[in-house]
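Residue-level listing of the chains:
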Amino acid sequence: MELLLLNGPNLGILGRREPEIYGTDTLADIEEAVQAEVVDRGWKVVSRQHDSEGDLISTIQGAYHTVGAIVNPGALMIAGWSLRDALASYPRPWVEVHLSNVWARESFRHESVIAPLASGVVVGLGALGYRLAARALTELVA
Ligand code: DQA
């Protein structure tokens with residue numbers, strides 16, 4: 001059984017990207033932490049990061065067999081309508097994560113077109129947010 005960890009544009013350079021906002025954990029660190037959180041459920045984390053919306057959509061369409069997903073859409077939260085439609089067809093529970101507290105930042109970050117479809121949203125807790133999302137999924141997935 002696989003859990004999809006999906007990260008959008010500019011998240012492949014975590015650790016080096018504006019660390020004062022996004023922290024120093026790399027995507028590899030986050031993958032490891034999420035894996036540790038779900039190991040007792042016997043889940044294997046499949047981590048994918050894409051900078052383009054089309055690749056994210058293809059990944060989602062190829063992941064209907066997964067038990068659930070953690071999705072950080074990056075700035076596609078704001079106007080990623082095609083990503084939103086892909087997630088609408090994803091048949092399993094998924095949680096939206098943002099490392100930074102988007103509500104405390106520029107107003108263009110205050111809207112998420114995907115949030116209404118998520119089982120829940122974790123915002124502003126840094127890399128811990130991914131672990132909490134994974135933990136939530138271990139409870140949400142029957
Ligand atoms: C982000 C927040 C977005 O506004 C931003 O565009 C990102 C990262 C976060 O994790 O805090 O790329 O999703």
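Structural notes, computed from the coordinates. (Residues numbered from 1 in each chain as written. Predicted model: local features only at pLDDT ≥ 70, side-chain atom pairs only at ≥ 80, totals over all residues. Heavy atoms only, no water.)

### Focus on the site of the ligand
Here is the rule we go by: Nearness of a residue to a molecule or strand requires only that one of the residue's heavy atoms be within 4 Å of it. Polar contact criterion, stated in full: a pair of N or O atoms within 3.5 Å, where within protein one must be able to donate a hydrogen and the other to accept it, and residues adjacent in sequence count only if both atoms are side-chain atoms. Only the protein chains shown count as cover for residues, and the accessible areas themselves come from Shrake-Rupley with a 1.4 Å probe. Each residue gets one of three labels, nonpolar for Ala, Val, Leu, Ile, Met, Phe, Trp, Tyr, Cys and Pro, charged for Asp, Glu, Lys and Arg, and polar for the others, Gly among them.
What surrounds the ligand is the set R17, Y22, N72, G74, A75, M77, H98, L99, S100, V102 and R109. A75 places a polar main-chain atom, nitrogen or oxygen, 3.2 Å from an oxygen atom of the ligand. The contact in question runs from an oxygen atom of the ligand to an N or O atom on the side chain of H98, over 2.7 Å. Burial of the ligand by the protein amounts to 98% of the accessible area it has alone, namely 320 Å². The class makeup of the residues in the shell around the ligand is 5 nonpolar, 4 polar and 2 charged.

### Things to note about the packing of helix α3 (residues 53–61) against helix α5 (residues 81–89)
Spelled out, the test is: To obtain each axis, a line is fitted to C-alpha atoms, and for helices this fit is confined to the stretch in contact; angles are then taken between N-to-C directions over 0 to 180 degrees. What counts as a helix is a DSSP run of H or I of at least four residues, what counts as a strand is a run of E of at least two, and both are numbered from the N terminus. If an angle is under 35 degrees, it is roughly parallel; if it is over 145, roughly antiparallel; if it lies from 65 to 115, roughly perpendicular; otherwise it is oblique. Note on contacts: a residue pair is in contact if any heavy atoms of the two residues lie within 4.5 Å.
Orientation of α3 relative to α5, taken along the N-to-C sense of each, is 0°, at an axis distance of 9 Å. Regarding the angle of α3 to α5, the classification is roughly parallel. Across the interface between the two elements, E53, L56, I57 and I60 of α3 pack against W81, S82, L83, A86 and L87 of α5. For the contact of α3 with α5, a count of residues per class yields 7 nonpolar, 1 polar and 1 charged.

### Considerations on the nonpolar core
The criterion, for reference: Think of a nonpolar core as a cluster: buried Ala, Val, Leu, Ile, Met, Phe, Trp, Tyr and Cys residues, connected wherever their side-chain atoms sit within 4.5 Å. Throughout this description, buried means an accessible area under 20% of the type-specific maximum (1.4 Å probe, protein chains only), exposed means over 50%, and partly exposed covers the range between.
Grouped together as the largest cluster of nonpolar side chains are 22 residues, with contacts concentrated most on L3, V34, I70 and Y130. Listed by contribution, the elements that provide at least two residues to this core are β1 (2–7), α2 (27–38), β4 (94–98) and α6 (128–140). With residues up to four places along the chain from it excluded, the contact list for Y130 reads L5, N7, I30, V34, I70, N72, V97 and L99. Residues L56, I57, A86 and L87 belong to the second largest nonpolar core, which totals 17 residues.

### Section: the pattern of salt bridges
Two side chains with opposite charge may pair up if their charged atoms get near one another. Operational definition: Every case where a carboxyl oxygen of Asp or Glu lies within 4 Å of a side-chain nitrogen of Lys or Arg is listed as a salt bridge.
Considering all chains together, one arrives at 4 salt bridges under this definition. E37 serves as the salt-bridge partner of R131, at 3.2 Å between the closest nitrogen and oxygen. Remark: E37 occurs in helix α2 and R131 occurs in helix α6; sequence separation between them is 94 residues. Its relative accessible area of 38% is what places R131 among the partly exposed residues. Notably, a salt bridge pairs E106 with R105, separated by 3.8 Å at the nearest N-O pair. The network of salt bridges with common partners includes R105, E106 and R109.

So, to be careful, I would describe these as geometric facts and stop short of saying anything about function.
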